[in-house]
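# Structure at a glance
Here is what each chain is made of, one letter per residue.
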Amino acid sequence: MAAPRDDPTAILDPDDYAVVWIAPLEIEAQAALYMLDEQHQGRFAVDRGDEYVFHAGSMCGHNIVIATFPAGQEYGTGSAAALASQIIKCFPHYWIGLLVGVAAGLPKLSGDTPRDIRLGDVLVSLPDGERAGIIAYDLGKETDDGFQLLRRGHALTATKPIVRSAIGKIKAKAPGDAQMLLPHYEAIRDRKHATGTFADPGQDCDRLYSTIDGGEDVIIERDDRPDNDRTRVWYGPIGSGDKLLKNALKRDELRDNYEIIGLEMEAAGTMNRIPVGVIRGVCDYGDQRKNKEWQPYAAAMAAAYAKVVLREIPPAQDPTRADGVGRNIGPKKPSIPCYHIQLPRNARFTGRDAILDQLEEKLLVRKESRRMAVVGLGGIGKTQIALRFAHNVKEKWPDYSIFWVPVLSHSSVEQAYVEIAKKLGVQKKSDDEDIKELVRQYLSSDEAGKWLLVVDNADDQELVFGSDDKSGIEEHLPDSENGLILLTTRSRYVAGEFAQSDIIHIKQMGLEEAEELFKKTLKQEQTMQDRASVAELLAHLTYLPLAITQAVAYLNQTRTPVRTYLGMLRVAERDAARVLGREFRDNTRYRGSRNAIATTWIVSFDQIQKSNPLAVNLLSFMSCIEPKAIPKSILPGLESEEFEWAIGTLCGYSFLVRREGSDTIDMHSLVHMATCGWIEKQNREGQVMSEAIHHLEDIYPSNERGNRDLWREYLPHALRALERSNKYESEERAEFCMSVGLSLVADRRIKEAIRCFEQAFGWRKDHCTEDDRYRLASEHALACAYLEDRRIKEATEMLEHIVKVERDTLDEKYHDRLASEHALACAYLEDRRIKEATEMLEHIVRVERDTLDEKDPNRLASEHELASAYLRDQRIKEATEMLEHVVKVEKDTLDEKDPNRLASEHELASAYLSDRRIKEATEILEHVVELRKETLHEKDHSRLASEHELASAYLSDRRVKEAIEISEHVVELRKETLNKKDPNRLGSEQLLAYTYLSDRRISEAIDLLKHVVAVKAQFYVEDDPEREVSMDLLAYAYRQLEVCSENTDSSSESSNDNDQGHDGDSMMDRRASLEGLA
C-alpha cells in the first residue's frame, strides 16, 4: 500500500520503488530532486545501524528513490560501495539503477577519432569494443611490463541490459540526442541551490590547457559552438578510481591507455553491487584547475539526460493496487527477458516437426503441463531438439526468459547456476549461501516472470535425484505457475520420475529426414549422386543425427567417397563396443543401435591421430577434465602456432563446439566417453593422466585473491582430473592436490579442501621423510583445515607432531616453524588449553617483534591471538593494550570490512566488556555485527560469535529485552550447526539462561542450565572452573525460584506500592548477583 503523498511523517513502502537514482554530491541530488515530476512526502523506515535516509518521488511514470552521501562524507569508491550496500538492504526489489552526477571530461583533439569534449557536455558509460563501460583504472597489479588492469579492465559488472537498451535508443538519434534533454534542463535552469542557479556559466569560461615541454601550461584555442549545438553527448568507457585527479599529464596517460572519455570516483564502488547506468556531466578536465563553478550546470545536464533514459523505459504497472497508484515493480516482471542458452542455434537442424509441435502444444498453447521429459538413445538428437525448441520459444514467445543447465556433473550444474544467477542479478551475500538455492527461490517467485528451463543430459540418476551424501539437481529446480521445465535424458527411469506421464520418446530419424540432414551438412554435391551408398551409410549409422554429422564432417574434410568411408566403418565395427565401454552399453535400450556412434568415431580418432598429433593430444587431455565449459587457456599447446588449427580440426569433426563470443569450448559428453575408452584400449590411460596432471599443476593459478575468477573457472576441471587420476598417484599429483585444496579453502569449501589435503599428505607420508618440508606443509594445511572444520582433536595431534619435528630441524625464527606454532596455539585455545597456548604465543610474538614490521599481518595475527589467550586467562589489561594496538594498526592498513580487522575489533570489544567498559564495547560490537551481517551468512561462526558478545554487552548494560532477542537467535542457530558439547554452543545457552534470570523467567533459565550442567558433567572434569560456574548459576536460579514463591505467598499482605518498591530492590539485587557469578 502506498503511503499518503501529503503526509511528511508517513512511512513509505520500499517495495513501491524500483528505480534507484544515486546522486553522490549535494548539488547532484538537488538537480535530481528538481527533475522529479512529483516529490513524495514521507519517510522510509530505518533499522538501528542504518546510515542513510532517502528522497522519494516519481518521474516519467516511475517511482524513484534518490540516494546521496550524508553531509560532510568523503566521496570515492568506498563511500559509494557503502551507500550501494545500504540501498540493496533497504530496497531489495529495486529494478534498475542510475549513477548521475559530475565528472572530469577527457578531450582528445587529435588522432583518428578526435573528441572535442566541452564543459557541460554529457558522458554516458558504454562498452567500446573489448573495453568495458566502466574501467577501474587503479584496480590491478604492477608487472614488469607496467600496470596491468584486473581482468583486463572487465572487473566490474555491466550495466543492466534494459538501461543499455534505452541508452542505445537515444544514441541512435545522434547528433540529435542532445536536443532530447534540453527541455528537461530548461525546466530547472533557473531553480536555486545554495550558491546560485543551474545556469550555463558560458563558453568564454570554458578553458582547456595543455602541458608543453618544460611543464608550461598553455590554453588550447577552440571555437565556440553555435547555440543550437551547445551541448553534446559522448558515449564510451569512463574511468573510475579513488584518487581525485588534478594532473593533466596523468589525465592524458589514462585517456590514451584505456580510451576513456571521462573520470569519476563512485562507479567502481557501485557497479558490483548495483549495476547502474553511469551518466556524468563534465565539470572540469581532470587537471589542477578544478573548481566548483561548473558543477551545477554539469549536474543539471546529466540529470536531464537521465530523465530521458527513464522516459524511454516504460514503467511496469501493478494492476492490483487499490489506491490507483502505479507501482513500478522492477525485476518482478522484467520488461526484457534474459537468456542463458549455452549452445548456438543449429542451422543444419532438420525435421522433428511433430516433436516440436507436441512440445509447443502441451507446454505453451494448451498449457497442460509445466514439466516434460524427452528421452532417447545417446546421439539421437535430444539436445538439438531441446535447443531448437528453446530458440523457437525465444522467437514466438518473447516474454519468456530461457535458461539452460547441462547435468554432466555436480560442477557443471554449479557453473550453470552461477551463470544464470549473473543473468538474473541474483547475488550471494556470504560464501556459505548456495547459489543454486538462491536461483531456485528467485525463479519460484512471481518476480521472475515467465521462463523456460532446459535441463539437458540428465542421464545420471545420482546427479538428478541425489545420493545419501549429496543433493541432486531435482532439489534445486524451481516451481512456479509461470515456469516450464524441459528435461532431456537417456534414462527412462529419470524421465518417469521427473515428468510422470508427460514424456516424449525420441525415435530414430526416418530415411527422408536423415537424407535431408546429410544433404544440408555435406559440401560435396556430387556425393549425393550415389544415392544407394548414401542410403546404406545412413542405415549403417542407424540414422543418428550426431553420427551423421560426424561422418559428413570427415567426408567434407577428406573428400573421401561414401562407398570408401562405408568400408572403413565395417572394418572398425568389431571393436566399437569395447571403445565406448560398459556405461554406454548399459544406457543403450534399442536393438541394433548400441554401437552406431562408435563406428563413426573410431574412424575419426584414427584419422586425426595420423594427421594431427596436437589435436590428439588435446582430445586426450580433454578426456581427463570436464567436457563442458573448457577454457582455452587451460589447454596444452596454447602457445603453439598449430593450436588453432588443431582446435579447428576437432571442431570440424564436431567433437568440439566453440561458444560464440568467448574463449570457451564444449565437448559432447558421448565423445568424451568414447575418447576415454579409446585411450584405455590403446593402454595410454596412465600416460595421458600423468601428462594432464603435469600440465594442470604447471598452469593452475595461485590462491591469491586476484586469481579468484580464474581458479573458479578451472576448479571443475581440476576436481574432475583429480577424481579420474586416483589410481595414478605421484609426487606431481600430490602437489596439484595442494594447489586445488588451497583454492577451495580460499572459497570456504573446507570439506572439499580436506579431501585434497588428505590425498596430498597421504602420498607424502608414504614417500617422504618425516622432516621433509613438503610433507610438513601438506600436514600443516590438512591440520588447519581440520581446525576450520572444528575437528579440534585431530588438528591438535597433527600440529603437535609438526611443531616437534620443526623444533628439531628449523631455527626458532623460521617462518614455517612460527606458522606451525601459531596454528597449534590456536588449536590449544579452541581446546581450552589456555596456559599452553599463552606460553607458545608469547614466544612467537617475541620472535616476530624482533624480525617483522609492526604492520606485518603475521605479527598482527600472533598479537591478536595472544591477546585472546590473555583475555581467556583473565589478564584483561594486557589483552586490552595489545588489542588496542592491533586495531589501531589494522584501521590504518585494512578495509573496514576486512575479516581480520573485524575479528580484532570483536576481540577488543570482548576485552572492554571484561573490563566493564560497557559503552565502548557495545559501540564496537554493534559496528562489527552490522558489517558481518552484510558479508557473512547468518550461520557463520564468526557472525554468531559477535552476536553472542553483543547480547552479553546488552545484558551488562541492562538492555535485557534486546539481549534475550539476540541470544535466542544465536542459540537456535548454534543448535543447528554445533555439537551439543561444543563450548561455544554451551556458552550461548548459558548466556541465554542469564538473560532469562534477568527477565525473571526463572523456570526457563533453570531448564536451560540443567541441560548445560548435564552436558558439562558428561564431558568436563569435575573441578573444571566453567563447569563449577554453571553449577553455581543453577543453584542460584533455584534459590531465586524459592524467593519468588515466598514473595507470592506474602504478596496479599502488602500494598501495591510497597510490592513495587520491594520488587525493584529485589531485581537490582538479582542483577548484582548475576554479574558476580559472571
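Check the entry above for the structure.
Presented here is a report on the structure given in the accompanying data block. Position labels on residues start from 1 in each chain and follow its written sequence. Owing to the predicted nature of the model, reporting of local features is limited to residues with pLDDT of at least 70; listing and counting of side-chain atom pairs is limited to 80 or more, with chain, interface and lining totals taken over all residues. Think of the side-chain values as coming from all heavy atoms in the structure, minus any hydrogens and water.

## Here we look at the overall build of the chain
Only runs of H or I of at least four residues qualify as helices and only runs of E of at least two qualify as strands under DSSP, and these elements are numbered from the N terminus. In terms of helices and strands, the chain carries 41 helices and 28 strands. Contact definition: two residues touch when any of their heavy atoms are within 4.5 Å. Considering only residue pairs separated by 6 or more positions, the chain has 72% of its internal contacts joining residues 24 or more positions apart. Values of accessible area rely on a 1.4 Å probe in the Shrake-Rupley scheme; residue burial ignores everything except the protein chains shown. Carbon and sulfur atoms form 46% of the exposed surface of the chain, whose accessible area is close to 49,200 Å².

## What about the packing of aromatic side chains?
Pairing of aromatic rings covers Phe, Tyr and the six-membered ring of Trp, with a centre-to-centre limit of 6.5 Å; geometry is then stacked below 30 degrees between planes, edge-to-face above 60, and tilted otherwise. Within the structure shown, the criterion is met by 9 aromatic pairs. Ring centres of Tyr17 and Phe44 lie 5.2 Å apart, and the angle between their planes is 85°; on these two criteria the pair is classed as edge-to-face. Note that Tyr17 is positioned in the loop between strand E1 (11–12) and strand E2 (19–22) and Phe44 in strand E4 (residues 43–44), a separation of 27 residues in sequence. Each member of the pair, Tyr17 as well as Phe44, carries the same accessibility label: buried. The rings of Tyr17, Phe44, Phe54 and Phe91 are connected pair by pair, giving a single aromatic cluster. A cation over an aromatic ring shows up here: Lys171 above the ring of Tyr235, its NZ or CZ 5.6 Å from the ring centre. Above the plane of the ring of Tyr339 lies Lys394, whose end atom (NZ or CZ) is 4.5 Å from the centre. Type-normalised accessible area, obtained with a 1.4 Å probe on protein chains alone, sets the label of each residue: buried when under 20%, exposed when over 50%, and partly exposed for intermediate values. Cation placement over rings: the criterion is NZ of Lys or CZ of Arg within 6 Å of the ring centroid and within 35° of the ring normal.

## What to know about a negative patch on the surface
Patch membership requires more than 30% relative accessible area and the absence of a salt bridge. Residues of like charge join within 9 Å; the nonpolar side chains Val, Leu, Ile, Met, Phe, Trp and Tyr join within 5 Å. A pairing counts as a salt bridge when a side-chain nitrogen of Lys or Arg comes within 4 Å of a carboxyl oxygen of Asp or Glu. In this tally, Asp and Glu contribute negative charge and Lys and Arg positive charge; neither His nor the terminal groups of the chain are included. Taken as the charge centre is NZ of Lys, CZ of Arg, CG of Asp or CD of Glu, depending on the residue. A contiguous patch of negative charge on the surface is contributed by Asp204, Glu221, Asp223 and Asp224. In this structure, Asp204 sits in the loop between strand E13 (196–197) and strand E14 (209–211).

## Re the pairing of strand E7 (residues 96–105)
Counted residue by residue, E7 has 10 buried out of 10 residues, so it is predominantly covered. Sheet topology places E2 next to E7; 4 bridges connect them, and they run parallel. Directly across from Val20, in E7, lies its bridge partner Gly97. For two strands to be treated as a pair, DSSP must find no fewer than two bridges joining them. One ladder, built from 7 bridges, connects E7 with strand E19 (residues 277–284); its direction is parallel. When the sheet's bridge partners are listed, Leu98 is paired in E19 with Gly277. Summarising the sheet, E7 and strand E18 (residues 262–264) pair through 2 bridges and their orientation is antiparallel. Bridging across to E18, Ala104 finds its partner in Leu263.

## A few points about the packing of helix H1 (residues 26–35) against helix H4 (residues 177–188)
The relative placement of two packed helices is expressed as an angle between their axes plus a distance between the axes. In contact at an axis separation of 9 Å, H1 and H4 are set at 100° when each is read in the N-to-C sense. Overall, the two elements H1 and H4 adopt an arrangement that is roughly perpendicular. Contacts between H1 and H4 involve Ala31, Tyr34 and Met35 on the former and, on the latter, His184, Tyr185 and Ile188. The residue makeup of the contact of H1 with H4, split by class, is 5 nonpolar, 1 polar and no charged. A fitted line through C-alpha atoms represents every axis, and for helices the fit uses only the stretch in contact; the resulting angles, taken between N-to-C directions, go from 0 to 180 degrees. Working rule for angles: under 35 degrees goes down as roughly parallel, over 145 as roughly antiparallel, 65 to 115 as roughly perpendicular, anything else as oblique. Classification convention: Asp, Glu, Lys, Arg as charged; Ala, Val, Leu, Ile, Met, Phe, Trp, Tyr, Cys, Pro as nonpolar; all other residues, Gly among them, as polar.

## Some points on the nonpolar core
Within this scheme, the nonpolar core is defined by two criteria: the residues are buried Ala, Val, Leu, Ile, Met, Phe, Trp, Tyr or Cys, and they are joined through side-chain atoms within 4.5 Å. If you look at the biggest cluster of nonpolar residues, it comprises 135 residues, and the most contacted ones within it are Leu618, Met622, Leu635, Leu650 and Val740. When near neighbours in sequence (up to four residues on either side) are disregarded, Val740 contacts Tyr700, Leu715, Ala718, Leu719, Leu722 and Cys756.

## Looking at the pattern of salt bridges
Under the criterion given, the structure shown has 64 salt bridges. For Asp789, the salt bridge identified is with Lys751, shortest N-O distance 3.1 Å. Residue Asp789 is found in the loop between helix H28 (773–788) and helix H29 (792–809), and its partner Lys751 is found in helix H27 (residues 750–767); the two are separated by 38 residues along the sequence. On the basis of relative accessibility, which here comes to 53%, the residue Lys751 falls in the exposed class. Each of Lys961, Glu968, Asp999, Arg1001 and Glu1004 takes part in a single network of salt bridges with overlapping partners.

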